[in-house]
Amino acid sequence: DTGVSQNPRHKITKRGQNVTFRCDPISEHNRLYWYRQTLGQGPEFLTYFQNEAQLEKSRLLSDRFSAERPKGSFSTLEIQRTEQGDSAMYLCASSKTDRAAQHFGDGTRLSIL
Amino acid sequence: GDSVTQMEGPVTLSEEAFLTINCTYTATGYPSLFWYVQYPGEGLQLLLKATKADDKGSNKGFEATYRKETTSFHLEKGSVQVSDSAVYFCALGGETGANNLFFGTGTRLTVIP
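Quick look at the structure, then. Since the structure is predicted, the reported quantities are computational estimates derived from the model, not experimental observations.

### Things to note about the overall build of chain B
Here comes step 1: What chain B contains, in helices and strands, is zero helices and twelve strands.
Here comes step 2: Along its sequence from the N terminus, chain B presents helices and strands in the succession β-β-β-β-β-β-β-β-β-β-β-β.
Here comes step 3: In terms of C-alpha radius of gyration, chain B reaches 14 Å, essentially the compact-globule figure of 13 Å for 113 residues.
Here comes step 4: Its C-alpha atoms give chain B principal-axis dimensions of roughly 45 × 25 × 20 Å.
Here comes step 5: Looking at chain B residue by residue over its 113 residues, the buried ones come to 46%.
Here comes step 6: Contacts in chain B between residues far apart in sequence, at least 24 positions, make up 56% of those at least 6 positions apart.
Here comes step 7: Here chain B has roughly 5,200 Å² of accessible surface; of this, 48% comes from carbon and sulfur atoms.

Below is the structure:
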């Protein structure tokens, strides 16, 4: 069990650019979640995959955001035409079953210049 | 909708003091309840959990009891250490569907020698 891995750890980009983050879940976990955390707040749910199927999306996930999980393994989260308000920590979590605890990665911190 | 209300911080305690961090929730059905901890510079780690009413979660000297009658899941520790300094998040997991977590805003604990 190597834990949930996220890359990159930090991303600095100019407003208007596209960015992509990667998450590698714990290998036997079929559920994968993306959250966003801003300073001084708890994480907020963005989207959820069961295997390769994206089953739920939060209203926080605007049409500039897209997530994929090809083959039910790693996942990517892409933000197009980044805005200042997208600056946050993006967290990935995985779990084995529907009511099991979620295990979090260390996150990707996005800073928009 | 589902939500968590967590005691605001920051909280500063002397070593060996008693800790309580209050957490109450609003949910339909029978959610699972969690406490996560975030040490400085690290990602979220599961501290303890409870999946049904009257369950007590415990880990590293911390305890929390799932109280359905008061919709609470307060975190307690009898004697805190400097190494317990961290941000603590109460979270609720839905009973069905995505089971994404709803987090409180976090409580920063500082323990001084």
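More follows now that the structure is in view.
### Structural notes on the sheet that holds strand 1 (residues 5–7) of chain A
Residues and elements named next belong to chain A.
Here comes step 1: The antiparallel open sheet is built from four strands, whose spatial order is 1-3-8-7. Of all strands in the sheet, those with a lone pairing partner are strand 1 and strand 7 (65–68), marking the two edges. Taken over all neighbouring pairs, the strand axes of this sheet differ in orientation by 15° on average, direction set aside.

### Points about the nonpolar core
Here comes step 1: Core analysis: the largest hydrophobic core is formed by 26 residues, its most contacted members being Trp35(B), Leu47(B), Leu48(B), Phe73(B), Leu75(B) and Tyr88(B).
Here comes step 2: Looking at which element gives the most residues to this core, the answer is strand 10 (residues 86–93) of chain B, with four residues.
Here comes step 3: Counting 19 residues, the second-largest nonpolar core is a separate cluster that includes Cys23(A), Phe49(A), Ile79(A) and Leu110(A).

### Things to note about unusual backbone geometry
Here comes step 1: For the bond running from Asn7(A) to Pro8(A), omega is -10°, close enough to zero to count as cis.
Here comes step 2: Relative to the elements of secondary structure, Pro8(A) occurs in the loop between strand 1 and strand 2 (10–13).
Here comes step 3: Here the bond from Gly9(B) into Pro10(B) is cis, since omega is -5°, no more than 30 degrees from zero.
Here comes step 4: Looking at the element boundaries, Pro10(B) is found in the loop between strand 1 (3–6) and strand 2 (11–14).

### Digging into the state of the cysteines
Residues and elements named next belong to chain A.
Here comes step 1: Taken as a whole and judged by the stated rule, the model has two disulfides over all chains.
Here comes step 2: Covalently, Cys23 is tied to Cys92 through a disulfide, its sulfur atoms 1.9 Å apart. Disulfide Cys23-Cys92: the torsion about the S-S bond is -70°, which places it as left-handed. Of this pair, Cys23 sits in strand 3 (residues 19–24) while Cys92 sits in strand 9 (residues 88–95), placing them 69 residues apart in sequence.
Here comes step 3: Classification of Cys23 by relative accessible area gives buried; the value is 0%.

So, how was this worked out
Residues numbered from 1 in each chain as written. Chains lettered and ligands numbered in written order. Predicted model: local features only at pLDDT ≥ 70, side-chain atom pairs only at ≥ 80, totals over all residues. Heavy atoms only, no water. Helix = DSSP H or I, 4+ residues; strand = E, 2+ residues; numbered from the N terminus. Rg over C-alpha atoms; globule rule 2.2 N^0.38 Å. Buried < 20%, exposed > 50% of the residue type's maximum accessible area, 1.4 Å probe, protein only. Contact = heavy atoms within 4.5 Å. Areas by Shrake-Rupley, 256 points an atom, 1.4 Å probe, with all protein chains shown as cover. Pairing = 2+ DSSP bridges. Axes fitted to C-alpha atoms, helices over the stretch in contact; angles between N-to-C directions. Core = buried A, V, L, I, M, F, W, Y, C linked by side-chain atoms within 4.5 Å. Disulfide = S-S within 2.5 Å.

Honestly, that's just the spatial picture; any functional story needs more than this.
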